[in-house]
Amino acid sequence: MLSDITIGQFFPGKSVVHRMDPRMKLILIVAFIVVLFVVRNAFSFLLLTLCLGIIFAIAKIPGKAIWRGVKPILPLILFTAILNIFFVDGNTLVSFWIFRITDAGLKTAALMAIRIVLLIVGSSLLTYTTSPIALTDAIERLFKPLKVIHFPVHEMAMMMTIALRFIPTLLEETDKIMSAQKARGADLETGGILKRAKALIPILIPLFVSAFRRAEELALAMECRCYRGGEGRTRMKQLHLSTLDWISGSIVALVFVIAIIMNLFLPGTL
Amino acid sequence: MDKLIQFQHVSFEYTGDEEGKASVPVLHHVDLAIRQGEFVAVLGHNGSGKSTLAKHINAILRPTDGVVYVEGIDTSDDEMVFEIRQRVGMVFQNPDNQLVATVVEEDVAFGLENLGIAPAEIRRRVDGALHDVGMYDFREHAPHQLSGGQKQRVAIAGIIAMNPKCIVLDEPTAMLDPRGRQEVLKTIRRLNQEHGTTVVFITHFMDEAVSADRVIVVDDGKILMDSTPQEVFRHVEKLKAVGLDVPQVTELAYKLRKNGIPISDDILTVPDFVQAFQKIMEA
């Protein structure tokens, strides 16, 4: 049923990767993405892939999960690869009719494919090992300086928390409404796309009405618990960077530096 | 300060809009005083004004006329709203719509975080509150993994962590199954007895009102009766006239009495009845 859906893709665990400060993980992932788009060397990519593989192994994320993350973007990879193969100028290797395949085209295609795959796999590492709540926390704290330019950091984080909190509640409700409408003879399973989309209306309307009612009650309950925005608010759970974070952060940073150095001095540029 | 909460001649009406819609009067000149440590049950059928009455205690609503004092603070004072809400916590009917956080312990911490309390102190009070409602073992669960009764206990923990003088519960058991109702009732009763927390318990389940120190019956925005449960439930006909019931055993005793069996008229629980009935049988 609908309520079986887990929120996000989090794999609970107690590994070093799980226990790292979410802020450190977030920063490392951003750095990873930057490195990914700076380097063009095959050996650098090999090193980054190896590094990712080791971290996945430490976090004990099943290989199936990695595959599940990559699968939906395969068409995209294929599409960009084909475009690159046929439309990048260079020394012609093969040609037929109006198409010609060049060496530069093949290289660019490989480069883009590797980058996209590593990008997806790398960022899924973050969501696999960090609970959505921890991620929200990390975002709130990392973006705190933006308050200076009046960016509503706390409000954004609060919205994310409430959204996460209510996803299962609203899913359950959707289930109930669907059953109720089916009991009244609603047909949700047959017909073309248009007919099925229309059939969703009697489900969406009650769902929206109830969501607004919930929002109103929740706002009242929050006010009753003295909520008045982020001003003067403290947090029970403090994030602190432990030795573990500094050590693992340094190791990963070192790998990134080596990848960039390899890119500068080793042959094999893609 | 003996009188924790005091209503003086309180009237309230929902004001109508400009287009000539009449305003709806809900409360009419209510006078009421609740002492520290009391367990007060408020009874009334739907639309009697019992919820409106409750919402005046923590300044969600302010009287159109008259004054409400909480520990001597006037609830109409805008500056003091959060002072009042620290003293009076409120638990609502739907447990789903009052939990904010995605983890039980974080939700209990929510109110304390709003007050700007130091993290270590929050931790201590959250753990204490979770122990008090018997939900400590569930502190790392997500709310949607809990039953209705458990969710409601978490909501109560979120309130008592703020150390209020008084908890107002607005039909907290209305959406629960019998087991959830029992859990919640037991928790509230224990808080009242062990911590001396004043409890204002709004309900339309008569058997829940039986264990209160005092029962207030609200009808049509007025206080109809205000006394001990024994005294209130003696007036079976008067209660029925305003759309309320009496506990089942009380009703049974009432019917027996009407049929000429001299059973006493202050029976509220099954053991009470058994005892009284045995006496009659022996006589």
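Residues numbered from 1 in each chain as written. Chains lettered and ligands numbered in written order. Predicted model: local features only at pLDDT ≥ 70, side-chain atom pairs only at ≥ 80, totals over all residues.

1. Re the overall build of chain A
A count of helical and extended segments in chain A gives ten helices and two strands. For chain A, the N- to C-terminal ordering of α and β elements is α-α-α-α-α-β-β-α-α-α-α-α. Burial statistics for chain A: of 270 residues in total, 20% are counted as buried. By sequence separation, contacts in chain A at least 24 residues apart represent 78% of the contacts at least 6 residues apart. (Helix = DSSP H or I, 4+ residues; strand = E, 2+ residues; numbered from the N terminus. Buried ≥ 20, exposed ≤ 12 C-beta atoms within 10 Å, placed from the backbone. Contact = placed C-beta atoms within 7 Å.)

2. Side note on the overall build of chain B
Broken down by element type, chain B carries eleven helices and ten strands. A compact globule built from 283 residues should have a C-alpha radius of gyration of about 19 Å, and chain B, at 20 Å, falls within 12% of that. Taken over the C-alpha atoms alone, chain B extends approximately 65 × 55 × 40 Å along its principal axes. Across the 283 residues that make up chain B, the buried fraction comes to 47%. When contacts within chain B are restricted to residue pairs at least 6 apart in sequence, long-range pairs at least 24 apart make up 63% of them. (Rg over C-alpha atoms; globule rule 2.2 N^0.38 Å.)

3. Here we look at the interface of chain A and chain B
At the junction of the two partners, chain A supplies 24 residues and chain B supplies 33 residues. The greatest single-element share of the side of chain A that touches chain B, amounting to seven residues, is contributed by helix α9 (residues 193-224) of chain A. The residue inventory of the side of chain A that touches chain B, partitioned by class, reads twelve nonpolar, five polar and seven charged. (Nonpolar A, V, L, I, M, F, W, Y, C, P; charged D, E, K, R; others polar.)

4. As for the pairing of strand β8 (residues 198-203) of chain B
Residue and element names in this part refer to chain B. The buried count for β8 comes to six of six residues, which makes it a mostly enclosed element. Residues T198, V200 and I202 line one face of β8 and the alternating positions V199, F201 and T203 line the opposite face, and both faces are buried. Pairing between strand β3 (residues 39-43) and β8: five bridges, direction parallel. Bridge assignment links V40 to a residue of β8, and that residue is V200. As defined by bridge partners, strand β7 (residues 166-170) adjoins β8 across five bridges and the pair is classed as parallel. Within the sheet, the bridge partner assigned to C166 lies in β8 and is T198. In this region the chain leaves β7, passes through helix α6 (residues 178-195) and returns to the parallel neighbour β8; the handedness of that crossover is right-handed. (Pairing = 2+ DSSP bridges. Right-handed = clockwise from strand over helix to strand, strands pointing away.)

5. Overview of helix α10 (residues 243-265) of chain A
Each α-helix turn comprises 3.6 residues. Residues three or four places apart therefore point the same way. Residues and elements named next belong to chain A. Relative to the 33 Å expected for 23 residues at 1.5 Å per residue, α10 spans 33 Å between its end C-alpha atoms, a close match to the ideal helical length. Among the residues making up α10, those that are buried are D245, S248, V252, V255, F256, A259 and N263. Looking at the packing, one finds that the buried side of α10 touches α1 (16-19), α2 (22-38) and α3 (42-59). (Expected span 1.5 Å × (residues − 1).)

6. What about the nonpolar core?
Nonpolar side chains in soluble globular proteins generally cluster together in the buried interior. The biggest cluster of nonpolar side chains holds 85 residues, and the ones touching the most others in it are V40, V42, V108, A157, V168, V200 and F201 of chain B. Counting residues in hydrophobic clusters, the runner-up holds ten residues, among them V35, L48, V252 and V255 of chain A. (Core = buried A, V, L, I, M, F, W, Y, C linked by C-beta atoms within 7 Å.)

7. What to know about unusual backbone geometry
Phi is positive for C226 of chain A, which is not a glycine, with a value near 65 degrees. Looking at where C226 of chain A falls in the secondary structure, it is placed in the loop between α9 and α10. The phi dihedral of H9 of chain B is positive, around 55 degrees, even though this residue is not glycine. Considering the arrangement of structural elements, one finds H9 of chain B in strand β1 (residues 3-14). Classification of H9 of chain B as exposed rests on a count of 12 C-beta atoms within 10 Å.

8. Description of the packing of α2 of chain A against α10 of chain A
All names here are of chain A. It is the contact of α2 with α10, at a shortest axis distance of 10 Å, that shows an interaxial angle of 5 degrees. Between α2 and α10, the angle is such that the two are roughly parallel. On α10, the residues that touch M24, L28, A31, V35 and V38 of α2 are D245, G249, V252, F256, A259 and I260. (Axes fitted to C-alpha atoms, helices over the stretch in contact; angles between N-to-C directions. Parallel < 35°, antiparallel > 145°, perpendicular 65-115°, else oblique.)

9. Looking at the packing of helix α3 (residues 104-114) of chain B against helix α5 (residues 148-160) of chain B
Residues and elements named next belong to chain B. Taken N-terminus to C-terminus, the directions of α3 and α5 make an angle of 35 degrees; their axes are 7 Å apart at the nearest point. The handedness of the crossing between α3 and α5 comes out as right-handed. Contact residues: α3 offers V104, D107, V108, F110 and G111, while α5 offers V154, A157 and G158. Partitioning the contact of α3 with α5 into residue classes produces five nonpolar, two polar and one charged. (Left-handed = near helix turned anticlockwise from the far one by under 90°.)

10. Structural notes on helix α8 (residues 153-183) of chain A
Residues and elements named next belong to chain A. Compared with the 45 Å implied by 1.5 Å per residue over 31 residues, the 44 Å span of α8 between its first and last C-alpha is a close match. Of all the bends in α8, the largest measures some 35 degrees and sits at F166, one to four residues before the proline P168. Taken as a whole, α8 has its buried residues at T161, R165, F166 and P168. Considering only its buried residues, α8 is in contact with α7 (132-142). G185 occupies a position one or two residues after α8 and carries a positive phi of about 95 degrees. (Bend = angle between axes of the 7 residues up to and from the residue.)

11. Let's talk about the pairing of strand β2 (residues 99-102) of chain A
Strand direction decides the pairing type here: strand β1 (residues 92-96) of chain A and β2 of chain A, joined by four bridges, are antiparallel. Across the sheet, residue V94 of chain A finds its bridge partner in β2 of chain A, namely I101 of chain A.

12. Looking at the environment of H141 of chain B
Residues and elements named next belong to chain B. Relative to the helices and strands, H141 resides in the loop between α4 (119-132) and α5. Residue class for H141 comes out partly exposed when judged on the 15 C-beta atoms lying within 10 Å of it. Expressed as a C-alpha distance, the spacing of H141 and T102, which sit 39 residues apart in the sequence, is 8.3 Å.

13. Focus: the sheet that holds strand β4 (residues 65-70) of chain B
All names here are of chain B. Within the open sheet, the four strands sit side by side as β2-β1-β4-β5. Their pairing is antiparallel. Edge strands, defined here as strands with exactly one partner in the open sheet, are β2 (24-35) and β5 (73-74). Taken together, the eight bridges between β1 and β2 define a ladder with antiparallel strand orientation. Of the residues in β2, the one forming a bridge with Y14 is V24.

14. Remarks on the sheet that holds strand β9 (residues 214-219) of chain B
Residue and element names in this part refer to chain B. Spatially, β6-β7-β8-β3-β9-β10 is the arrangement adopted by the six strands of the open sheet, whose pairing is mixed. The open sheet has two edge strands, β6 (88-91) and β10 (222-227), and neither has a second partner. On average, adjacent strands in this sheet sit at an angle of 20 degrees to one another, irrespective of strand direction. Where helix α1 (residues 50-57) meets the sheet, it contacts β3, β6, β7, β8 and β9, and its direction lies at approximately 155 degrees from that of β8.

15. Quick look at the confidence of the model for chain A
The predicted model of chain A averages 85 in pLDDT, with 97% of residues at 70 or higher. Of the regions scoring below 50 in pLDDT, residues 1-7 of chain A engages in twelve contacts with residues more than four places distant in sequence or in other chains. (pLDDT = per-residue confidence, 0-100.)

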